[in-house]
Protein chains: 2
Amino acid sequence: MSEKQELTLEQQKEVDRQLEVLKRGVVEIVPEEDLRKKIEKSILTGKPLKIKLGLDPTAPDIHIGHTVVINKLRQFQDFGHTVQLLMGDFTARVGDPTGKSETRKQLTEENVLENAKTYVQQYGKILDMSKTELHYNSKWLSSLNFSDVVNLAATMTVARMLERDDFSKRYTNNQPISIHEFFYPLMQGYDSVALECDIELGGTDQKFNLLMGRHLQKEYNKPQQVAIMTPLLEGLDGVNKMSKSLGNYIGIDEEPNQIYGKAMSIPDELMLKYFELTTPISVEEIKELEEGIQSGAVHPRDAKMKLARTLVELYHDGQAAEQAEAHFKTVFQQRALPTDIPEADWTGEAEVKIVDLIAELGLVPSKGEGRRMVQQGAVKIDEQKIEDLNQEISVASGMIIQVGKRKFAKIK
Amino acid sequence: MSEKQELTLEQQKEVDRQLEVLKRGVVEIVPEEDLRKKIEKSILTGKPLKIKLGLDPTAPDIHIGHTVVINKLRQFQDFGHTVQLLMGDFTARVGDPTGKSETRKQLTEENVLENAKTYVQQYGKILDMSKTELHYNSKWLSSLNFSDVVNLAATMTVARMLERDDFSKRYTNNQPISIHEFFYPLMQGYDSVALECDIELGGTDQKFNLLMGRHLQKEYNKPQQVAIMTPLLEGLDGVNKMSKSLGNYIGIDEEPNQIYGKAMSIPDELMLKYFELTTPISVEEIKELEEGIQSGAVHPRDAKMKLARTLVELYHDGQAAEQAEAHFKTVFQQRALPTDIPEADWTGEAEVKIVDLIAELGLVPSKGEGRRMVQQGAVKIDEQKIEDLNQEISVASGMIIQVGKRKFAKIK
């Protein structure tokens, strides 16, 4: 074993094949050369790599923003590597003793096990759970005593910890950081020591924590993991990271019609990114679509319908996808609510009478005409008829105003 | 018990008497009004107060700088209160995992027990050990698990911890602070929680740690201790805090002649402070001495001999004190080494020939005369004859140069 073994040409090709797939859509690999070395070694020895993903057991409602990284795990799994899902149950059971963090609220052991089941059910839609390891970090963290914790804390300096983006901002702004918060990244890093992971996946916002794993593995004399960072997916609003709390998400457990409808609402510019990161559609096919859209051969709406169909198929099945598409067409398209409603800036008062609103937006030629349209029941806001001329309308972003059959405006 | 009890006039007097003695020589009491309240309560209920002093089990060689605070403990003990000596054995057994701190080098359990014996033996010279409690903080700290530690750490913010003098300096100077170092003050504070102390004593340099005890007792819903800070005693050099590593100390286990001789070497200006902080001599008597010295009725040397005698008597006995004084007189005074050697600044080269040195210091009228004195064996450095004209002398602070019987200089 001490002699350096050479890869056969066949094996060399397999390494390249794996690397090509695994690097697709990834933002950063630290250090990149080690990923190749680890795959080479795995192929030489026949020993699968261990790929860790840390899970926060407090938020088991998975949306397609999460699937970016889960899809990457699936690729590793397809190459025969071992996926290690790590439930941070210890962290969740400790909670945040200061009670200031929502995501660190204290959970009971039952909560955690319940949430784990939900994870298994939801991750099972992408991963082969029969080949997936599920770990709980309470197994090793709860048996550390004070003296072990002192040793763990001794591996990091205060200054380096304060380099983490969020800490650094809070420290600079004189917002309190409790000392125990320093332990969350240390715990996460220590999990990599305990699991002896070869690779840890995470979003780009997890970089500090992923590198902590490398740092601690070195301190504890273990081989260091490679950190692979996947991009953060913007949500339906096209601006913010997809998240449940912002409401701009597509949950993988949602009904077919919901998934389909939400997918149709994403901005055109994001469509190709969604294809790349959230579907198994090949690079080549995505490229074709892109060229088709650019040349005008493919209507963006049709491309988006393909995306919506694919997502429903992924999390339900082909039949559900067809039905969702049919439903979308009848209810949405036939109701003549176009998918490309012009957007309008609203610079007037936040509370306004309906006639003033439609006149200001240019949906009617005059206020008199506006009054007439309202009285006829031809004015709708978000598909609700507005017939009371005196009703105060609270203008909000995303609101759709319709006058007659063909005039629309959507508030920016 | 719910009714507020009133102190009798007799009891009120006892409170005042205790306060007068306990506040003597103390730099700061936080909060001062609580000390009175605690004493009042103790007198009303007959329940002695618990007075904690934390000990570092790595340095068992006690010098009279340490006795400042031990004398204060003795006063509490004389009033019937309970002294709690706290051996920080847990801290010492963990050590400093980064290996950077000398005072935090790792000790075995045997080391600690050995050192504890030395403490008992040495503290026994001042305290009544039969009434003194000895505690080891491993008793409670070693049973804390990771989750307890997270709760402990959650009580403090990073910013407040970085306010501690030494941390703040190091952070500002970009010197690394390991995260585990934050635990030493937390451990010390937690000891006060475990011991339910009423009062903790320490030098003024311990203020942050003493207040940490108050802070943690509050967090853990215990009555808060009062912090009493005693002054730091300057060592024999009259400048730096007395410490073993600087060599400017008088050890309480030293031989009578050593204690006596070292006491005679302290600067006159410090004599009264030494009387106040290291001897049981009464305030009135010290005041008399001070006035005597000012009026010229008392020679400072005689006052200093009284101090030296008192210290030997304290740590040995009256007979040893007499013998040490007799020894000092014969060997030192009769050898005509005066106690008031004029001090000289040395601004020349650090390495110099003996003739150049004595000429420059004005101990001889000319270099020719200097050469003659050296050849006659009349020149001494620190009581060693210098007869080699070519010998390079390394001029050092405190060095005493003597020419003939009456000419002396001491390098500043």
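Here, the structure is the one placed above.
Residues numbered from 1 in each chain as written. Chains lettered and ligands numbered in written order. Predicted model: local features only at pLDDT ≥ 70, side-chain atom pairs only at ≥ 80, totals over all residues. Heavy atoms only, no water.

Participant: Would you take a moment to explain the overall build of chain A for this structure?
Facilitator: From N to C terminus, chain A includes 18 helices and 13 strands. A principal-axis box enclosing the C-alpha atoms of chain A has dimensions of 90 × 55 × 35 Å. Here chain A, with 412 residues, has 47% of them falling under the buried criterion. Here chain A displays about 20600 Å² of accessible surface, and carbon together with sulfur accounts for 46% of that area. Separation of charge centres in chain A, based on 52 positive and 64 negative side chains, amounts to 0 Å. (Helix = DSSP H or I, 4+ residues; strand = E, 2+ residues; numbered from the N terminus. Buried < 20%, exposed > 50% of the residue type's maximum accessible area, 1.4 Å probe, protein only. Areas by Shrake-Rupley, 256 points an atom, 1.4 Å probe, with all protein chains shown as cover. Lys, Arg positive; Asp, Glu negative; His and termini not counted. Charge placed at Lys NZ, Arg CZ, Asp CG, Glu CD.)

Participant: Honestly, the relation of the copies chain A and chain B in this entry has me stumped. Any pointers?
Facilitator: Both copies of the chain are related by one operation, a rotation about an axis with a shift along it. Between chain A and chain B, the superposition needs a rotation of 180 degrees and an axial shift of 0.1 Å, giving an RMSD of 0.2 Å. Given the turn and translation reported, the copies of this chain are related as if by a two-fold rotation axis. By C-alpha distance to the rotation axis, the residue of chain A lying nearest is asparagine 145 of chain A, at 2.4 Å. Most of the interface of chain A is mirrored in chain B, where 100% of its interface residues are also at the interface. (Least-squares fit on C-alpha atoms with pLDDT ≥ 70 in both. Contact = heavy atoms within 4.5 Å.)

Participant: So what exactly am I meant to see when it comes to the interface of chain A and chain B here?
Facilitator: Where the parts come together, the accessible area they lose is often given as the size of the interface. Tallying the contact residues gives 31 residues for chain A and 31 residues for chain B. Between chain A and chain B the total buried area reaches about 2700 Å² when both faces are included, carbon and sulfur atoms providing 82% of it. Three residues stand out in chain A for area buried against chain B, namely Phe146, Val158 and Ile179 of chain A, and they jointly supply 29% of the buried area on that side. Put simply, chain A and chain B have 0 salt bridges between them. Across the contact surface, chain A and chain B share 6 residue pairs in polar contact (both at pLDDT 80 or more). Within the residue set of the side of chain A that touches chain B, elements represented by two or more residues are helix H4 (89-94), helix H7 (146-153), helix H8 (158-161) and helix H10 (183-195) of chain A. Here the side of chain A that touches chain B takes 7 residues from H7 of chain A, the largest share from any one element. (Buried area = accessible area lost by both parts, 1.4 Å probe. Salt bridge = Lys/Arg side-chain N within 4 Å of Asp/Glu carboxyl O. Polar contact = N/O pair within 3.5 Å; in protein donor to acceptor, adjacent residues only side chain to side chain.)

Participant: Honestly, the packing of aromatic side chains in this entry has me stumped. Any pointers?
Facilitator: The geometry of an aromatic ring pair is captured by two quantities: the separation of the ring centres and the angle between the planes. Taken as a whole and assessed by the stated rule, the structure comprises 14 aromatic pairs over all chains. Seen in terms of ring centroids, tyrosine 190 of chain A and tyrosine 220 of chain A are 5.4 Å apart; in terms of plane orientation they differ by 80 degrees. Their pairing is edge-to-face. Linking tyrosine 190 of chain A in helix H10 with tyrosine 220 of chain A in the loop between helix H11 (207-219) and strand S6 (226-230), this pair joins segments that are 30 residues apart in sequence. A residue is classified by how much of its surface remains accessible, and tyrosine 190 of chain A, at 15% relative accessible area, is buried. Three or more aromatic residues joined by ring pairs form one cluster here, namely Phe90, Phe146 and Phe183 of chain A together with Phe90, Phe146 and Phe183 of chain B. Above the ring of phenylalanine 167 of chain A, the side-chain terminus of arginine 164 of chain A is found at 4.3 Å from the ring centroid. (Phe/Tyr/Trp six-rings, centres within 6.5 Å; stacked < 30°, edge-to-face > 60°. Lys NZ or Arg CZ within 6 Å of the ring centre and 35° of its normal.)

Participant: For this particular structure, what's the right way to read the sheet that holds strand S10 (residues 384-385) of chain A?
Facilitator: Pairing between sheet strands relies on hydrogen bonds along the backbone, with the strands arranged either parallel or antiparallel. Residues and elements named next belong to chain A. Pairing is mixed across the open sheet formed by 5 strands, whose spatial order is S7-S13-S12-S9-S10. The open sheet has two edge strands with one neighbour each: strand S7 (343-344) and S10. Taken together, the 3 bridges between strand S9 (residues 379-381) and strand S12 (residues 400-403) define a ladder with antiparallel strand orientation. Bridging across to S12, lysine 380 finds its partner in glutamine 402. (Pairing = 2+ DSSP bridges.)

Participant: Teacher, can you tell me more about the sheet that holds strand S4 (residues 132-136) of chain B here?
Facilitator: Residue and element names in this part refer to chain B. An order of S1-S6-S5-S2-S3-S4 is seen for the 6 strands of this open sheet, with the pairing classed as mixed. Two strands bound the open sheet, and with one partner strand each, they are strand S1 (28-30) and S4. For this sheet the average axis-to-axis angle between neighbouring strands, irrespective of direction, equals 25 degrees. Contacting strand S2 (50-55), strand S3 (82-87), S4 and strand S5 (199-203), helix H10 (residues 183-195) runs over the sheet at an angle of about 150 degrees to S2. (Axes fitted to C-alpha atoms, helices over the stretch in contact; angles between N-to-C directions.)

Participant: Please explain the pairing of strand S13 (residues 407-411) of chain B as it appears in this structure.
Facilitator: As a general feature of sheets, a regular strand has side chains that alternate between the two faces. Residue and element names in this part refer to chain B. Here strand S7 (residues 343-344) pairs with S13 via 2 bridges, running parallel. From the neighbouring strand, alanine 344 faces S13, where its bridge partner is isoleucine 411. Where strand S12 (residues 400-403) and S13 come together, 4 bridges link them in antiparallel fashion. Bridge assignment links isoleucine 400 to a residue of S13, and that residue is lysine 410. Here S12 hands over to S13 after 3 residues, with glycine 404 in that stretch at a positive phi of 65 degrees.

Participant: Would you explain the environment of isoleucine 259 of chain B in this entry?
Facilitator: All names here are of chain B. Counting through the fold element by element, isoleucine 259 comes out in helix H12 (residues 256-264). Given a relative accessible area of 0%, isoleucine 259 falls into the buried group. Apart from residues lying up to four places away in sequence, isoleucine 259 is in contact with Ile250, Gly251, Ile252, Glu254, Leu311, Val312, Tyr315 and His316.

Participant: What am I meant to see in the pattern of salt bridges here?
Facilitator: Any two side chains of opposite charge can pair, on the condition that their charged atoms come close. Residue and element names in this part refer to chain A. One pass over the structure, following the stated rule, counts 50 salt bridges over all chains. The residue glutamate 200 makes a salt bridge to lysine 52 at a minimum N-O spacing of 3.2 Å. On the criterion of sequence distance, the pair formed by glutamate 200 in strand S5 (residues 199-203) and lysine 52 in strand S2 (residues 50-55) is long-range, its members being 148 residues apart. When sorted by exposure, glutamate 200 lands in the same class as lysine 52, which is buried. Of the charged contacts, one joins aspartate 89 and arginine 93 as a salt bridge, the two residues approaching to 3.5 Å between their closest N and O atoms.

Participant: What is the right way to look at the environment of glutamate 276 of chain B in this model?
Facilitator: Residue and element names in this part refer to chain B. Assignment of secondary structure puts glutamate 276 in helix H13 (residues 271-278). In sequence terms glutamate 276 and glycine 247 are 29 residues apart; their C-alpha atoms lie 22 Å from each other. In this view, glutamate 276 contacts Arg24, Gly25 and Ile286; residues no more than four positions away in its chain are not counted.

Participant: For this particular structure, what's the right way to read a negative patch on the surface?
Facilitator: Residues and elements named next belong to chain A. A cluster of like negative charges, contributed by Glu20, Glu284, Glu288, Glu290 and Glu291, occupies part of the molecular surface. Broken down by element, the negative patch gets its largest block of residues, 4 residues, from helix H14 (residues 283-295). As for its placement among the helices and strands, glutamate 291 is situated in helix H14. You can call glutamate 291 partly exposed: its relative accessible area is 46%. (Patch = residues over 30% accessible without salt bridge, like charges linked within 9 Å, V, L, I, M, F, W, Y side chains within 5 Å.)

Participant: Is there a simple way to explain the pairing of S5 of chain A in this structure?
Facilitator: All names here are of chain A. Taken across its 5 residues, S5 has 5 buried, putting it largely inside the fold. The pairing of S2 with S5 spans 2 bridges and is classified as parallel. The residue of S5 that forms the bridge with lysine 52 is glutamate 200. Assessed by its sense of winding, the connection that carries the chain from S5 through H11 to S6 is right-handed. (Right-handed = clockwise from strand over helix to strand, strands pointing away.)

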